[in-house]
There are 6 protein chains.
Amino acid sequence: MRSHQRNNEQLRPVQVERGFQPGADASVLIKMGNTHVLCAVTVEETVPPFLRDSGRGWITAEYGMLPCSTNSRMAREAARGRSGRTYEIQRLIGRSLRMMVDLDSIGERTLRVDCDVLNADGGTRTAAITGAALALYDAFAKLDNEGTLARPELMPVAAISAGIVNGEARLDLDYSEDSTAEVDANFVMSADGRIIEVQSTAEARPFSRTQFNELLDLAEKGVQELLELWL
Amino acid sequence: MRSHQRNNEQLRPVQVERGFQPGADASVLIKMGNTHVLCAVTVEETVPPFLRDSGRGWITAEYGMLPCSTNSRMAREAARGRSGRTYEIQRLIGRSLRMMVDLDSIGERTLRVDCDVLNADGGTRTAAITGAALALYDAFAKLDNEGTLARPELMPVAAISAGIVNGEARLDLDYSEDSTAEVDANFVMSADGRIIEVQSTAEARPFSRTQFNELLDLAEKGVQELLELWL
Amino acid sequence: MRSHQRNNEQLRPVQVERGFQPGADASVLIKMGNTHVLCAVTVEETVPPFLRDSGRGWITAEYGMLPCSTNSRMAREAARGRSGRTYEIQRLIGRSLRMMVDLDSIGERTLRVDCDVLNADGGTRTAAITGAALALYDAFAKLDNEGTLARPELMPVAAISAGIVNGEARLDLDYSEDSTAEVDANFVMSADGRIIEVQSTAEARPFSRTQFNELLDLAEKGVQELLELWL
Amino acid sequence: MRSHQRNNEQLRPVQVERGFQPGADASVLIKMGNTHVLCAVTVEETVPPFLRDSGRGWITAEYGMLPCSTNSRMAREAARGRSGRTYEIQRLIGRSLRMMVDLDSIGERTLRVDCDVLNADGGTRTAAITGAALALYDAFAKLDNEGTLARPELMPVAAISAGIVNGEARLDLDYSEDSTAEVDANFVMSADGRIIEVQSTAEARPFSRTQFNELLDLAEKGVQELLELWL
Amino acid sequence: MRSHQRNNEQLRPVQVERGFQPGADASVLIKMGNTHVLCAVTVEETVPPFLRDSGRGWITAEYGMLPCSTNSRMAREAARGRSGRTYEIQRLIGRSLRMMVDLDSIGERTLRVDCDVLNADGGTRTAAITGAALALYDAFAKLDNEGTLARPELMPVAAISAGIVNGEARLDLDYSEDSTAEVDANFVMSADGRIIEVQSTAEARPFSRTQFNELLDLAEKGVQELLELWL
Amino acid sequence: MRSHQRNNEQLRPVQVERGFQPGADASVLIKMGNTHVLCAVTVEETVPPFLRDSGRGWITAEYGMLPCSTNSRMAREAARGRSGRTYEIQRLIGRSLRMMVDLDSIGERTLRVDCDVLNADGGTRTAAITGAALALYDAFAKLDNEGTLARPELMPVAAISAGIVNGEARLDLDYSEDSTAEVDANFVMSADGRIIEVQSTAEARPFSRTQFNELLDLAEKGVQELLELWL
């Protein structure tokens, strides 16, 4: 039996707490089972150098894990520098979020989303994307309320992992499954069922196109459920 | 009126949540008003080089702030390296905690306490010490339960800030007070009323011995109240 | 018309030069059109700490670009540190190459593949994987010739990019196509047509499952052609 | 008997040599027994970003130790980065010196004081403050002589250590005392007997308020003697 | 017998390939025996801060080695930072190249030469200077062709090593000679036989003025031959 | 007239103070005019990895400048990392000192010489070599006195700069001369008149062999005078 008494096609229980960090422009603590990620948005009235005087805005993300979020403590990146894994993840989050909105419609400002993992039990990067998308929704609402920027059209986005464990396709792997999976995949999708990002990796041996399609089917279903958080 | 409807001699409301990070050997989320610090202990079966083969253990601390814990976002230390302030604070926390126990009685192991500020509203370093001391208590209890180490004798320790604001001595400053204080002080004390560490700094002009004694009086009272968390 | 007078389903001209760096244990300069990547293998008789005394070997990769490999000079990573993109790419290369061989069969040694881009015109990461796989083949042959290690069974592997440009699915994008693509994907596959890694990213807007399948079809065809380099 | 044939209430012999570094705007080599610290001021016609266009100036300090200033060589911070101790000390020196003068009266300029320890025998941070205050006096005199800035009103400041060694309160610890002290304290005070900074740390066990007051009495006496250097 | 069947006064075979990196403003791959160095020029329309508004240009160089350019792999400087040797060499290259042209005649622009060693068999720094001088010639020709800058007067420059091996003065040492040389020297000279830079180092024991003159005689001859590349 | 009323062939006044840093194994403060360099030796009972179990010792050097040793303050290398110039100089000092003694005769230990410039007025690297050689003499004497190592045979070594200023060859340039010199050279020589290192650089235009020989003549004379410090 999988954790939380679920079958292969089920998500872990999902909870969202808004406003966890009152100092941020918007913040969401998303919990997917025992994976807890805090997503906080800061609105900055500048853009990176390559966008200056373009009239275009920017959305970017940073990712971190608290040292004791995992079972064996991870050394702090303030001491050892960011790992390759961290760079890879924050680039994925940023790319995915930039698909949510026409950057020409938000003015020359940057929305920076800090995604910090308080507890990690698999699927932190996909939880971060799902939570960050909601936090961006709240941040745009705040900008609208303040009269800074009329709310732009947003495409709801969510992300989920899937994988093949003991030969079975499963949705939303927790850490014990992820660490023994034969295939590990992450999917970012939009409300209309289209794909924003697919990453699928053979961990033990190559996988077939059929297997990949099973994972994609699971992910479509999972993302649709996660997008109910937007209602 | 001060925040939380309190007078100059009162603490902010204090709350403690244990076991916030199940991956740690012990963890405490301490809330003093809107200052929230997560203190998590990791037990490592090694000691720093200068203690090898000494039969002596070590207690040390690391300190960090989440980027959006403050009103204006702080750049992540993973990107810019630790600040001088961070070094200063984590050295203070470590020194204070090492007074809690005879290091010869804990074997050649290190208890590392990660203090991460989730929300900052003044007094993060003293909240970290108070919370970390409780987390160490829990960690030693766990080592005892596991049969690893009989529980050593622990001296309860707590810490509090005090300062002079608008000419008045006040206990437990929140950020708006701290940032305008004429004198800012931090006190670490033990259950028997003795002092472990005093740091008192003139922010606007030098202060008299009388003023300093007023702050020390307030701190004694505050620490006694905080030590009720140990009961 | 696309570069090198090719249609949407064609690769750029591919050339391989072996032994470019006589100081390496094996080296391959692979040219795919104007993308030139030097892949050099070093055999080290040690493994990373997590594999010590496991009887298991390791394959890893590092990636770099010469400053003038691109049209506008890139600052040297020796001066500014590795970028997130570099970390992402070298992790992809390493993961892909480790699928080629049973690591239990190669003894406690590390094969480190340096992939250095001499000229970049799109598709450097996939060219690096294709070239590095060949260089590993040569390195294992050398170990066999020296009597160090009987040649282990190797699964031939190659990689290729595909993308949607102006609404058309195209194979093996060069830089001018890559920089304007609506969808950008990289595929690593094995000789039997199975998948080792898929990464597909929406650059302009989400893509449909049908579009993704078109890219996968192209990639299958391209990888089969590249694997003829192994004959 | 203590070093230099002194009793518990006596300072070590103090000597001051002005102009040691002719390239600086002012420089003082202060010797307290075998602790020798070179304090050199540079006047910069800029201020840190947070003070731009404020009309306000700034005073800051940097601290370093020559590798062979101690009995066992210290690795150079140019090779290993600044230590936490260095950050802590230079922040203390800067805070203390900023109390000497109304920063609104010195114009938008920075006085940077480099405090470099040539020989260390305990009390380097307090010697640095005492010497740096004198060097600032000389730097303001130079600015006045040059016609750049009329000499602002300066509050004389000095600093001294005290501690409890073998149960006895002692003034101005040298290294052999400092390394075995039960309590270690540093005091920065002004000419009128008020306090600028107090830092007092239990090294072996907590200390009582009575003990702390003994240290403060010694420090008051010591600072008065050091301020005779200003006459 | 020396490598390439040459006597003590002979250079290794020299080859030059122009345009190796089409993305650069000019590029030269120089081969001296088995030492291969790629020299690529980038023209930047800025100058370092100390030359702003001076009307004067700048020429500078960076130097790197591919990890497998040597017989035992060198760790990548992107991971460990530049070595002292690298700094020393790139400063030498830059100084030498700045002698080629009156910097007042090239406008406020920087010509940056990247010298990357593809294969190293001794004499990489002198090959880099000889190749970089040719690449600068090509870069100035390009600027002239584009109408950006009329071609300035250039002084042809080349560099060569010499040394004493087994008591014999030899020209153009390869690695096996260099690593056992008693004296090692590098010379940069101009077409009229004058000296731009001399560096001569005793590796085993001091050398006499007579020995030094023998090396200088060899170098004069070698540089004259290398300057035929300019014809 | 040159500084210190000297002609082109004269050294600046030279003074040596031994034992400046009692914490070092030996220390020499050398003053050549207004250039003051502190050279301190630490004996370490280890060698670098490449010499382990070789029976051979090592001599190495580090070089630094105090921030206010120059007329305009230099940023501290603890903050910005070592410069290329620093690496270049400390490599030169180390190489030169290793010529003083047969490293097989000193056992597996390292003599590390810290050369710190207290005041800089040209010629700091040559003053460092001359002072460090004397400090090594004292360190070997101490090892002999302690009974650790019988005093090995030492070759006295000294170093001096020379240059062409306003068309005239001059010995021992001070900063004002050095910064306007047409040719700048540094020579390290032994007591028997042989050469250990020559570095000569054209600053304004190439120089002739005749000019170089004039500089070498001056240097020979200067070194002989400096070696009188050894008597």
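Notes on the structure in this doc start here. Model, not experiment: these values are computed from the prediction. (Residues numbered from 1 in each chain as written. Chains lettered and ligands numbered in written order. Predicted model: local features only at pLDDT ≥ 70, side-chain atom pairs only at ≥ 80, totals over all residues. Heavy atoms only, no water.)

1. Observations regarding the relation of the copies chain B and chain A
For clarity, the threshold we go by: Least squares is the method for superposing the copies, and the C-alpha atoms it fits come from residues with pLDDT of at least 70 in both. In what follows, residue pairs with any heavy atoms lying within 4.5 Å of each other are defined as contacts.
Overlaying chain B on chain A yields an RMSD of 0.0 Å, the required transformation being a rotation through 180 degrees with an accompanying axial translation of 0.0 Å. These values place the two chain copies in the arrangement generated by a two-fold rotation axis. Among all residues of chain B, the minimum C-alpha distance to the rotation axis is found for Ala78 of chain B, at 1.9 Å. Interface overlap between copies: 100% of the residues of chain B at the interface are likewise at the interface in chain A, consistent with a symmetric, same-surface contact.

2. Considerations on the packing of helix α2 (residues 84-98) of chain B against helix α2 (residues 84-98) of chain D
What counts, and what does not: To define axes, lines are fitted to C-alpha atoms, for helices over the stretch in contact only, and angles between the resulting N-to-C directions are given on a 0 to 180 degree scale. The numbering of helices and of strands both runs from the N terminus, where a helix is a DSSP run of H or I of at least 4 residues and a strand a run of E of at least 2. Angles below 35 degrees are treated as roughly parallel, those above 145 as roughly antiparallel, those between 65 and 115 as roughly perpendicular, and all remaining angles as oblique. For this classification, the nonpolar set comprises Ala, Val, Leu, Ile, Met, Phe, Trp, Tyr, Cys and Pro, the charged set comprises Asp, Glu, Lys and Arg, and every other residue, Gly included, is treated as polar.
Axis separation between α2 of chain B and α2 of chain D bottoms out at 8 Å; the angle between their running directions is 110 degrees. Between α2 of chain B and α2 of chain D, the crossing angle belongs to the class labelled roughly perpendicular. On the side of α2 of chain B, the interface is formed by Gly84, Arg85, Tyr87, Glu88, Arg91 and Arg95 of chain B, while α2 of chain D contributes Gly84, Arg85, Tyr87, Glu88, Arg91 and Arg95 of chain D. Residues belonging to the contact of α2 of chain B with α2 of chain D are distributed by class as follows: 2 nonpolar, 2 polar and 8 charged.

3. Remarks on the pairing of strand β3 (residues 35-44) of chain F
Residues and elements named next belong to chain F. For clarity, the threshold we go by: Burial here depends on accessible area, computed with a 1.4 Å probe over protein chains only, as a share of the maximum for the residue type. Under 20% is buried, over 50% is exposed, and the range in between is partly exposed. Note: two strands are recorded as paired if DSSP finds a minimum of 2 bridges between them.
When you tally the buried positions in β3, you get 9 out of 10 residues, the bulk of the element. For strand β2 (residues 26-32) and β3, the ladder comprises 7 bridges, and the chain directions are antiparallel. The residue bridging Leu29 from the neighbouring strand is Leu38, located in β3. Where β2 hands over to β3, the hairpin turn is made up of 2 residues, of which Gly33 adopts a positive phi near 60 degrees.

4. Some words on the state of the cysteines
Convention followed: Defined by distance alone, a disulfide is two cysteine sulfur atoms within 2.5 Å.
Taken as a whole and assessed by the stated rule, the structure comprises 0 disulfides over all chains. No disulfide involves Cys115 of chain B; its sulfur sits 4.2 Å from that of Cys39 of chain B, the nearest cysteine.

5. Quick notes on the relation of the copies chain E and chain C
Each copy of the chain is related to the other by a rotation around an axis and a translation along that axis. Of the transformation superimposing chain E on chain C, the axial component is 0.0 Å and the angular component is 180 degrees, with the fit at an RMSD of 0.0 Å. Residue by residue, 100% of the interface of chain E is reproduced at the interface of chain C, so both copies engage with the same surface.

6. Some details on helix α5 (residues 209-226) of chain D
Residues and elements named next belong to chain D. As a reminder, the rule being used: One less than the residue count of a helix, multiplied by 1.5 Å, gives the span that helix is expected to have. Regarding the arc, it is the one traced by the directions from the helix axis to the C-beta atoms.
Helix length check: α5 (18 residues) gives 26 Å between terminal C-alpha atoms against 26 Å at 1.5 Å per residue, within 8%. Taken together, the buried positions of α5 are occupied by Phe212, Leu215, Leu216, Leu218, Ala219, Gly222, Val223 and Leu226. Mapping the buried residues of α5 onto a view down its axis gives an arc of 165 degrees, with all of them on the same face.

7. Observations regarding the interface of chain B and chain A
Put simply, the test is: Put simply, buried area is how much 1.4 Å-probe accessible surface two parts lose in total, over both of them, once they are put together. One side-chain nitrogen of Lys or Arg within 4 Å of one carboxyl oxygen of Asp or Glu is enough to make a salt bridge.
With 31 residues of chain B in contact, the opposing surface of chain A contributes 31 residues. Buried surface at the junction of chain B and chain A, summed over both partners, amounts to about 2300 Å²; 50% is from carbon and sulfur atoms. For the chain B face of the interface with chain A, the top three residues by lost area are Cys68, Arg73 and Arg76 of chain B, together amounting to 26%. Where Arg76 of chain B meets Asp116 of chain A, a salt bridge forms, and the shortest distance between an N and an O atom there is 3.0 Å.

8. Some details on the interface of chain E and chain C
Where we set the bar: For this analysis, a polar contact is any N or O atom pair within 3.5 Å, provided that within protein one partner can donate a hydrogen and the other can accept it, and provided that sequence-adjacent residues contribute only side-chain to side-chain pairs.
Contact with chain E, which involves 31 residues of that partner, is made by 31 residues of chain C. Together, Cys68, Arg73 and Arg76 of chain E form the three largest contributors to the area buried by chain E at its contact with chain C, with a combined 26%. Run the count over chain E and chain C and you get 14 residue pairs in polar contact (both at pLDDT 80 or more). When contributions to the side of chain E that touches chain C are tallied by element, the ones reaching two or more residues are β3 (35-44), β4 (58-65), α1 (77-80) and β5 (110-119) of chain E. Ranked by the residues each element gives to the side of chain E that touches chain C, the list is headed by β5 of chain E, at 6 residues. Taken together, the residues of the side of chain E that touches chain C sort by class into 13 nonpolar, 9 polar and 9 charged.

9. Regarding the pairing of strand β8 (residues 183-190) of chain C
All names here are of chain C. In terms of burial, β8 is largely enclosed, as 8 of its 8 residues are buried. Residues Val183, Ala185, Phe187 and Met189 of β8 are buried on one face, and the alternating residues Asp184, Asn186, Val188 and Ser190, pointing to the opposite face, are buried as well. When strand β6 (residues 157-165) meets β8, the two strands line up antiparallel, connected through 8 bridges. Residue pairing for β8: Val157 is matched across the bridge by Ser190. Where β8 meets strand β9 (residues 195-202), 7 bridges bridge the pair, whose relative direction is antiparallel. Paired with Val183 across the bridge in β9 is Ala202. If you look at the hairpin formed by β8 and β9, you'll find 4 residues sitting between the two strands, and Gly193 has a positive phi there, around 85 degrees.

10. A few points about the pattern of salt bridges
By the definition in use, this model includes 174 salt bridges over all chains. The residue Glu168 of chain A makes a salt bridge to Arg170 of chain A at a minimum N-O spacing of 3.3 Å. A salt bridge links Arg209 of chain A to Asp217 of chain C; the nearest nitrogen and oxygen atoms lie 2.8 Å apart. Taken together, the residues Arg209 of chain A in helix α5 (residues 209-226) and Asp217 of chain C in helix α5 (residues 209-226) connect one chain to another. On the basis of relative accessible area, Asp217 of chain C is assigned to the partly exposed category, the value being 41%. One network of salt bridges, with partners in common, ties together Arg2, Arg6, Arg12, Asp121, Glu168, Arg170, Asp172, Asp174 and Glu177 of chain A.

11. Here's the deal with the sheet that holds strand β9 (residues 195-202) of chain A
With antiparallel pairing, the 8 strands of this open sheet are ordered in space as β7(A)-β6(A)-β8(A)-β9(A)-β9(C)-β8(C)-β6(C)-β7(C). Whereas interior strands pair on both sides, the edge strands pair on one side only; in this sheet they are β7 (168-171) of chain A together with β7 (168-171) of chain C. Each neighbouring strand pair of the sheet contributes to a mean axis angle of 15 degrees, computed without reference to strand direction. Sheet strands in contact with helix α2 (residues 84-98) of chain A are β8 (183-190) and β9 of chain A together with β9 of chain C, and its direction is about 155 degrees off that of β9 of chain A. Docked against the sheet, helix α3 (residues 124-145) of chain A engages β6 (157-165), β8 and β9 of chain A, running at close to 165 degrees with respect to β6 of chain A.

12. Observations regarding the side chain of Arg12 of chain F
Residues and elements named next belong to chain F. Looking at where Arg12 falls in the secondary structure, it is placed in the segment before β1 (14-18). A relative accessible area of 2% means that Arg12 is categorised as buried. A polar side-chain atom of Arg12 sits 3.1 Å from the main-chain carbonyl oxygen of Gly122. Discounting residues that sit within four places of it in the chain, Arg12 has contacts with Ser3, His4, Arg6, Met32, Gly33, Thr35, Asp121, Gly122, Gly123, Asp172, Leu173 and Asp174.

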